[in-house]
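Listed here are the chains, written in short residue letters.
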Amino acid sequence: VTLAQNGPVTLWARDAAHVAEMQSSRRNDRRLPMTVLPENVSVTAEIEAATQAPVLLLAMPMQQMGGFLTAHAARLAGKTLVACSKGIDLTTGRGPTELIAAACPDARAAILTGPSFAADIARGLPTALTLACAEDCEALQTQLSTPTLRLYRSTDPLGAELGGALKNVIAIAAGVVIGAGLGDSARAALMTRGFAEMSRLALRLGARAETLAGLSGFGDLVLTCTSAQSRNFRFGQALGAGEDFDPTTTVEGVATAKAVSVLAQRRGVEMPIATMVAALSEHRITVSDAAQALLSRPLKEE
Ligand SMILES: NC(=O)c1ccc[n+]([C@@H]2O[C@H](COP(=O)([O-])OP(=O)(O)OC[C@H]3O[C@@H](n4cnc5c(N)ncnc54)[C@H](O)[C@@H]3O)[C@@H](O)[C@H]2O)c1
Ligand SMILES: O=P(O)(O)OC[C@H](O)CO
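Residues numbered from 1 in each chain as written. Chains lettered and ligands numbered in written order. Predicted model: local features only at pLDDT ≥ 70, side-chain atom pairs only at ≥ 80, totals over all residues. Heavy atoms only, no water.

A. The arrangement of the overall build of the protein in detail. Counting its secondary structure elements, the protein contains 15 helices and nine strands. Over its C-alpha atoms the protein spans a radius of gyration of 19 Å, differing by no more than 12% from the 19 Å that the globule rule assigns to 302 residues. Its C-alpha atoms put the protein at 55 × 40 × 35 Å along the principal axes. For the protein, the proportion of its 302 residues judged to be buried stands at 47%. Restricting to contacts in the protein with at least 6 residues of sequence separation, those with at least 24 account for 65%. (Helix = DSSP H or I, 4+ residues; strand = E, 2+ residues; numbered from the N terminus. Rg over C-alpha atoms; globule rule 2.2 N^0.38 Å. Buried < 20%, exposed > 50% of the residue type's maximum accessible area, 1.4 Å probe, protein only. Contact = heavy atoms within 4.5 Å.)

Structural data, given as structure tokens:
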């Protein structure tokens with residue numbers, strides 16, 4: 001919707017019936033109700049039509065990205081592929097740009113990530129994101145920036161995608177704290193220690209500290225841990241309150257917590273909050289036992 005301010009956009013959906021619905025109503029009520037698609041957004045179910053563009057934004061759930069890339073690798077060859085997904089692939093332990101590099105070695109991979117609710121962007125509310133690519137991406141930054149979407153470029157895609165992935169895990173934990181009535185002070189402590197955990201793992205994997213301190217890490221962590229617009233936060237809140245949550249809602253932090261726990265153990269990095277979120281999400285531990293386990297850890301320097 002926002003990129004249509006810069007020129008024609010093709011929106012691809014797999015389901016022809018849903019495409020027909022969107023073409024006639026000019027809305028995607030299932031995913032972005034109340035937003036009318038601009039005239040120069042054309043909707044198609046034909047992947048051939050969608051992959052005519054030189055630049056493609058990949059915005060499907062993280063655990064679906066690998067399959068999509070493999071299925072369409074030939075059509076994606078040589079394209080600029082901008083991943084918008086946040087997470088770590090459970091099967092390979094890879095982030096979005098690594099999945100792209102593995103499936104489409106001659107495509108140019110970038111990650112677009114940061115504090116952004118789709119509904120805010122679609123409403124034209126001011127939003128800032130990180131666009132990270134291994135090589136300089138100044139032209140792409142200009143092409144994808146709009147009057148209300150301000151992109152900052154980075155050459156640290158690893159750091160940017162780890163920030164986007166890990167913040168979802170901490171956001172679940174923040175939701176649990178609020179849902180369980182443990183209070184705002186506990187949430188602030190958890191966000192701070194969660195940021196320390198995110199940075200510890202990301203730097204061990206080769207990311208830059210300044211990337212984690214930027215929009216894709218700190219910025220997205222603050223947004224997602226403090227807003228009920230966040231599905232990860234709301235999922236945690238329901239978990240903390242012992243309530244059910246709609247299983248059809250995309251909650252990227254659940255799979256990411258699982259993937260991170262394995263990654264952290266393999267690399268010998270302490271990730272107590274992520275490990276606890278994985279255990280809570282799988283109902284292997286109660287909220288009170290999880291809180292007790294975190295609070296009773298040995299005292300240490302900050
Ligand atoms: N919604 C937001 O505010 C927001 C903001 C920034 C980043 N993201 C990220 O975008 C990614 C997608 O999440 P979302 O919010 O759009 O979820 P969503 O549940 O709203 O929509 C997911 C879309 O992906 C499609 N899809 C599912 N499997 C697919 C496949 N195999 N191939 C092609 N399309 C498929 C679904 O049909 C649906 O249209 C996530 O990684 C999320 O973290 C979301
Ligand atoms: O709804 P969430 O929790 O997936 O958050 C959406 C975006 O990632 C916020 O930056």
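B. Here's a closer look at the site of ligand 1. Around ligand 1, the surrounding shell holds 16 residues, and the nearest of these are R31, A118, R231, T250 and E252. Side-chain polar atom of Q64 to a nitrogen atom of ligand 1: 3.3 Å apart, as the coordinates give it. Within the complex, 76% of the 830 Å² of free accessible area of ligand 1 lies under protein. Residue classes in the shell around ligand 1 are distributed as seven nonpolar, four polar and five charged. (Near = heavy atom within 4 Å. Polar contact = N/O pair within 3.5 Å; in protein donor to acceptor, adjacent residues only side chain to side chain. Areas by Shrake-Rupley, 256 points an atom, 1.4 Å probe, with all protein chains shown as cover. Nonpolar A, V, L, I, M, F, W, Y, C, P; charged D, E, K, R; others polar.)

C. Structural context of the sheet that holds strand β6 (residues 80–83). Here five strands make up an open sheet; going across it, the order is β5-β6-β7-β8-β9 and the pairing mixed. The sheet is open, and its two edges are formed by β5 (55–58) and β9 (149–154), each paired on a single side. Going across the sheet, the axis of each strand differs from the next one's by a mean of 25 degrees, ignoring polarity. As defined by bridge partners, strand β7 (residues 108–113) adjoins strand β8 (residues 127–133) across four bridges and the pair is classed as antiparallel. In the strand pairing of β8, L112 is matched with L131. (Pairing = 2+ DSSP bridges. Axes fitted to C-alpha atoms, helices over the stretch in contact; angles between N-to-C directions.)

D. Just the side chain of T97, in detail. Among the structural elements, T97 can be located in helix α5 (residues 96–103). One polar contact links T97 to E161, side chain to side chain, over a distance of 2.8 Å. If we ignore the near neighbours within four places in the chain, the residues touching T97 are A109, A110, I111, P157 and E161.

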